[in-house]
Amino acid sequence: MRIGLGYDVHRIAEGRPLVLGGVRIDAPFGLVGHSDADVVAHAIMDALLGSLGLGDIGQHFPPDDPRFEGADSLSLMGEVVRMVGREGYRVGNVDVMVIAERPKLLPHVPEMRKRLAEVLQVRERDVSIKATTNEKMGFIGRGEGIAAQAVALVVPSDEGRRMP
Ligand SMILES: Nc1ccn([C@@H]2O[C@H](COP(=O)(O)O)[C@@H](O)[C@H]2O)c(=O)n1
Ligand SMILES: C[C@@]1(CO)OP(=O)(O)OP(=O)(O)OC[C@H]1O
């Protein structure tokens, strides 16, 4: 079993879509990025890559590469899951902390878990998404950005899956 850590942050702007954990959230603002700027997906991808010493997402999906302009981060995550598979591992579980002053994310967590579990090829209970505000402090507290932290465990592919 191996563990990895991921972190990402994107700036908030009006007129951009807000996509978190693969879910389009109705909000008067979104996140700025070359891709869809899904910080939750990006933090998980970096945690998975880190668990196996495979570098970071920028190495695999360069932010200046036109192929990734407006990219759906869940489809990039699918590629990372395949990389994990090629190393002889599968995803065990992931745990994510989203730091956002607004909007309220709790109502969207079940859908995020569902979408992420499909791509990560795990049970929904193996995808944990938690949210916190920054108590109005700093750039997140002022509503200038949203950040996410993730840890991921990967286990050898031939290790049996525990029954639900
Ligand atoms: N964007 C957010 C932030 C927080 N939550 C939920 O509210 C709880 C309290 O947050 P505090 O920052 O005041 O501790 C938190 O535990 C989450 O359940 C949320 O849904 N969306
Ligand atoms: C996935 C990528 C692709 O451009 O997304 P970005 O929106 O540029 O986001 P960032 O977290 O700054 O860098 C990761 C990139 O590899």
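On a predicted model such as this, the values are computed, not experimentally measured, just so you know. (Residues numbered from 1 in each chain as written. Chains lettered and ligands numbered in written order. Predicted model: local features only at pLDDT ≥ 70, side-chain atom pairs only at ≥ 80, totals over all residues.)

Residues annotated by UniProt as "site: Transition state stabilizer" (unreviewed entry) correspond here to His 34 and Thr 133. Spatially, the listed residues are scattered: they cover 100 residues, and their C-alpha atoms lie as much as 25.0 Å apart. In this fold, His 34 is placed in the loop between strand S4 (29-31) and helix H1 (39-51). A count of 15 C-beta atoms within 10 Å places His 34 in the partly exposed class. Setting aside residues up to four positions removed in sequence, His 34 forms contacts with Pro 63, Phe 68 and Glu 69. The topology assignment puts Thr 133 in the loop between strand S6 (127-132) and helix H5 (138-141). Every residue in contact with Thr 133, bar those within four places of it in the chain, is listed here: Ala 100 and Glu 101. (UniProt positions renumbered as here; feature names shortened; annotations may be inferred. Helix = DSSP H or I, 4+ residues; strand = E, 2+ residues; numbered from the N terminus. Buried ≥ 20, exposed ≤ 12 C-beta atoms within 10 Å, placed from the backbone. Contact = placed C-beta atoms within 7 Å.)

All right, on to the packing of H1 against helix H3 (residues 73-86) then. Orientation of H1 relative to H3, taken along the N-to-C sense of each, is 10 degrees, at an axis distance of 10 Å. Viewed along their axes, H1 and H3 adopt a mutual orientation that is roughly parallel. Contact residues: Ala 41, His 42, Ile 44, Met 45, Leu 48 and Leu 49 in H1; Ser 73, Leu 74, Leu 76, Met 77, Val 80 and Val 84 in H3. In terms of residue class, the contact of H1 with H3 is built from ten nonpolar, two polar and no charged. (Axes fitted to C-alpha atoms, helices over the stretch in contact; angles between N-to-C directions. Parallel < 35°, antiparallel > 145°, perpendicular 65-115°, else oblique. Nonpolar A, V, L, I, M, F, W, Y, C, P; charged D, E, K, R; others polar.)

Further remarks concern helix H4 (residues 109-120). For H4, which comprises twelve residues, the first-to-last C-alpha distance of 16 Å matches the rise-based estimate of 16 Å (1.5 Å per residue) to within 8%. Residues of H4 that are buried: Met 112, Arg 113, Leu 116, Val 119 and Leu 120. Taken around the axis of H4, the buried residues stretch over an arc of 135 degrees, which confines them to a single face. On its buried face, H4 is in contact with strand S2 (18-20), strand S3 (23-25), H1, H3, strand S5 (89-99) and S6. With its phi angle positive at about 60 degrees, Gln 121 sits one or two positions after the end of H4. (Expected span 1.5 Å × (residues − 1). Arc of directions from axis to C-beta.)

So, on to the pairing of strand S1 (residues 2-14). Where S1 meets strand S7 (residues 145-156), ten bridges bridge the pair, whose relative direction is antiparallel. Within S7, the position partnered with Gly 6 by the bridge is Ala 150. Relative to S4, S1 runs antiparallel, the two sharing three bridges. Directly across from Ala 13, in S4, lies its bridge partner Gly 30. (Pairing = 2+ DSSP bridges.)

Next up on the list: the site of ligand 2. Around ligand 2, a shell composed of 13 residues is seen, among which Gly 33, His 34, Ser 35, Pro 63 and Phe 68 lie nearest. Looking at side-chain class alone, the shell around ligand 2 contains seven nonpolar, five polar and one charged residues. (Near = placed C-beta within 6 Å.)

Near ligand 1 you find Ala 100, Arg 102, Lys 104, Leu 105, Leu 106, Ala 131, Thr 132 and Thr 133, and these make up its full shell. In the shell around ligand 1, the residues fall into four nonpolar, two polar and two charged.

Let us now look at the nonpolar core. Of all hydrophobic cores here, the largest spans 42 residues; its most connected members are Val 40, Ile 44 and Leu 48. Listing elements by their share of this core, those giving two or more residues are S2, H1, H3, S5, H4, S6 and S7. The biggest single contributor to this core is H1, with nine residues. Residue contacts for Leu 48: discarding those within four places in its chain leaves Gly 4, Val 80, Val 84, Val 91, Ala 152 and Val 154. (Core = buried A, V, L, I, M, F, W, Y, C linked by C-beta atoms within 7 Å.)

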